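Architecture at a glance
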Amino acid sequence: MNHTSQLIKKDGKLIHRSSVNERAYQAFLDGIEEGQIVEQVTSYGDNGLLSQLARINKCIREIAKEVGEGHEQVKQEIKKKAGFCVKGECKSMADMTKEELDSIFNEVCEVGL
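Residues numbered from 1 in each chain as written. Predicted model: local features only at pLDDT ≥ 70, side-chain atom pairs only at ≥ 80, totals over all residues. Heavy atoms only, no water.

1. Some points on the overall build of the protein
Selection criterion: Per the convention used, a helix needs a DSSP run of H or I reaching at least four residues, while a strand needs a run of E reaching at least two, with both numbered from the N terminus. Partly exposed residues are those whose accessible area sits between 20% and 50% of the maximum for their type, while under 20% is buried and over 50% is exposed, using a 1.4 Å probe and protein chains only. In this description, contact between two residues means that some pair of their heavy atoms is separated by no more than 4.5 Å. Per-residue and other accessible areas were derived by the Shrake-Rupley procedure at a 1.4 Å probe size, with only the shown protein chains allowed to occlude residues.
Each helix and strand in the protein was counted, giving four helices and four strands. Going from the N terminus to the C terminus, the protein shows its helices and strands as β-β-α-α-α-β-β-α. For the protein, the spread of C-alpha atoms along the principal axes amounts to about 50 × 30 × 20 Å. Burial statistics for the protein: of 113 residues in total, 20% are counted as buried. Long-range pairs, those at least 24 residues apart, make up 39% of the contacts in the protein with a sequence separation of at least 6. Of the roughly 8,600 Å² of accessible surface on the protein, 49% is carried by carbon and sulfur atoms.

2. Considerations on the pattern of salt bridges
Selection criterion: Salt bridges are defined by distance alone: a side-chain nitrogen of Lys or Arg within 4 Å of a carboxyl oxygen of Asp or Glu.
Under the criterion given, the structure shown has seven salt bridges. The partner of Glu 39 in a salt bridge is Arg 61, and the shortest N-O contact between them spans 3.5 Å. Of the two residues, Glu 39 is situated in the loop between α1 (19–30) and α2 (49–67) and Arg 61 in helix α2; the sequence distance between them amounts to 22 residues. The class for Arg 61 is partly exposed, based on a relative accessible area of 33%. Across the pair Glu 62 and Lys 65 runs a salt bridge whose closest N-O atoms are separated by 3.6 Å. Highlighted residues: Glu 62 and Lys 65, both in helix α2, separated by three residues, approximately one helical turn. Lys 65 sits in the exposed class, given a relative accessible area of 61%. It is possible to trace a salt-bridge network through shared partners that takes in Lys 58, Glu 62 and Lys 65.

This is a description of form; function is not addressed.
Quick look at the structure:
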């Protein structure tokens, strides 16, 4: 299960920007079994690029696990399908713009269906 939320710093604490986000977070917490390990990626000031990359890579890991392939192999295939490989060389997602990452995410969604 995944959860994404936007927080704002007030009085030295991070709080949810809306009650809807807070309720969604609580539902996420309620779905976690006691003792279960949770991976957290937190970023700020990056215009959403780091969190977008984290979501894309999480989805790619899930697809790779489902199809029994390696993460890097699936990532390269998605880049090829999205048109980011030329003569066998694929552009690094770390160097992509938000719009390019949107294209990658759309391809991830297509593959994940």
